[in-house]
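# Structural overview
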Amino acid sequence: MGAVLSACWVGEEDEAAPESFASASALLGRKGQRPLGVLSVGVIGTGRSSVINTLLNRADACHASGGQLRGTRGCSVHRGERSAPIEDEPALELDFVDCEGLRSDQPVRAEELYKFIELLKPALEQFPGGGISHVFVTLDVEERQNHASVHNLLALTELFREVRERCYLCITRFNTNSVQAQWNNELLAWTRANRRAATWDELSGAPPSPSSMMHSYRAYIDEGFSGAGEAGAKAKLEQLLRFFDDRVIWMYNLDNMQQEDRADGELPPHEEYLYRFYRAAAIRQLVDGDLGRFPSEKLRIVEHKESLNELASACVLQCSDVALI
């Protein structure tokens, strides 16, 4: 196991990612006394709740819907939630708001975004700790991105443009069979080489780093979105990635069956390793980049300098076919 841990991100000095799980633990030990204040938003069914569960190493911090019933309903405010222990790792503490998602089948209309803002505003007003430190916007890369889904994610980025440096794109479902076969070939190769390992000591090599997977994903966007009618989706997806710059975390969320296997001690070693590997990278990036709390009352949604109707209309207009950035 030690050889695998020491191999994490070797030779990628430009990336703020752990060289081992221990480096994330050390960072939590230095900064873990201050809870992060997280707002999790996105479109329906992209893993917003699961991202929180993964960070907290719990299956029950948020109710992650599955099957035909997809997505959180309403907004829920959580205070002082602590991560479940992993060996001797210091606890990660979060205050967070888990909010229902926007639709993905049609571009959001101003009146729909207005209703979303009305739902979110009271939760932000009572946000624990006085404000947010991170805004998570989830992107499910297994779903074929279309004009409507990316349009709606861009509407959310416009809503929080004043705290852009605190916004993080949370990429989910990059580990599914279809994604690995399409473009995440490095992860596919690592998985094939290690899926029969009975223990961590039998694992070899390191999984692909976040920067390596982002390079592969961008190449996939360049080459894969070439069909008729896909130009708009491609342009908007590129806009979305530019908004976040390098503030991107890759979340290896466990589905319900994997959670059950893990609780029973039956999760395959390579899956447990990947879960911890990418979770450690995400924690390192989030804690290392923590800018402190942005006061909720200064957010446009709460401060109410303009009517919420006007704010919703402006955000929808900004993420139309006119370039944002």
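These numbers come from a predicted model, not from an experiment.

Okay, the packing of aromatic side chains next. The description of two aromatic rings rests on the distance between their centres and on the angle between their planes. Inspection of the entire model under this criterion finds 12 aromatic pairs. On the numbers, 5.2 Å between centres and 80 degrees between planes, the contact of Trp200 with Tyr273 is edge-to-face. Pair noted here: Trp200 is in the loop between helix 7 (185-194) and helix 8 (210-224) and Tyr273 is in helix 11 (residues 269-288), with a separation of 73 residues, a long-range link. As far as burial versus exposure is concerned, Trp200 and Tyr273 are alike and both buried. A ring pair is formed by Tyr273 and Phe277, whose centres lie 5.6 Å apart and whose planes are at 35 degrees; its orientation type is tilted. With Tyr273 and Phe277 both in helix 11 and 4 residues apart, this pair spans about one turn of that helix. Taken as a pair, Tyr273 and Phe277 share a single burial class, namely buried. Here the aromatic residues Phe174, Trp183, Trp190, Trp200, Tyr217, Tyr220, Trp250, Tyr252, Tyr273, Phe277 and Tyr278 are joined through ring pairs into a cluster of three or more.

Let us now look at the sheet that holds strand 5 (residues 134-140). Overall, mixed pairing links the 6 strands, which are arranged 2-3-1-5-6-7 in an open sheet. In this open sheet, the two strands that pair with only one neighbour each are strand 2 (75-82) and strand 7 (248-251). Taken pair by pair, the neighbouring strands of this sheet meet at an average axis angle of 25 degrees, ignoring direction. Here 4 bridges tie strand 1 (residues 36-41) to strand 5, and the two strands are oriented parallel to one another.

This next bit is on the pairing of strand 3 (residues 93-99). Most of strand 3 sits out of view: 7 of its 7 residues are buried. Here 5 bridges tie strand 1 to strand 3, and the two strands are oriented parallel to one another. The residue bridging Ser40 from the neighbouring strand is Asp98, located in strand 3. One ladder, built from 6 bridges, connects strand 2 with strand 3; its direction is antiparallel. Bridging across to strand 3, Glu81 finds its partner in Leu94.

On to the state of the cysteines. Per the counting criterion, the structure on display carries 1 disulfide. Disulfide pairing is shown between Cys75 and Cys99; the S-S distance is 2.4 Å. In this pair, Cys75 sits in strand 2 while Cys99 sits in strand 3, placing the two residues 24 residues apart along the sequence. Classification of Cys99 by relative accessible area gives buried; the value is 0%.

Definitions and cut-offs
Numbering of residues begins from 1 in every chain and follows the order in which that chain's sequence is written. Residue-level local features of this predicted model are given only where pLDDT is at least 70; pairs of side-chain atoms are given and counted only at 80 or more, and the full residue set underlies all totals for whole chains, interfaces and linings. Values shown for side chains rest on all heavy atoms present in the structure; no hydrogens or waters enter the calculation. In summary, the pairing rule links any two rings of Phe, Tyr or Trp, Trp by its six-membered ring, whose centres are within 6.5 Å, and it sorts them by plane angle into stacked for under 30 degrees, edge-to-face for over 60 and tilted for everything else. To qualify as a helix, a DSSP run of H or I must reach at least 4 residues; to qualify as a strand, a run of E must reach at least 2; elements of each kind are numbered from the N terminus. Relative accessibility under 20% of the residue-type maximum defines a buried residue, over 50% an exposed one, and the middle range a partly exposed one, all with a 1.4 Å probe and only protein chains included. One bridge is not enough; two strands pair if DSSP finds at least two bridges between them. Lines are fitted to the C-alpha atoms to define the axes, a helix being fitted only along its stretch in contact, and any angle between axes, read from their N-to-C directions, falls within 0 to 180 degrees. By disulfide we mean two sulfur atoms from cysteines, separated by a distance within 2.5 Å.

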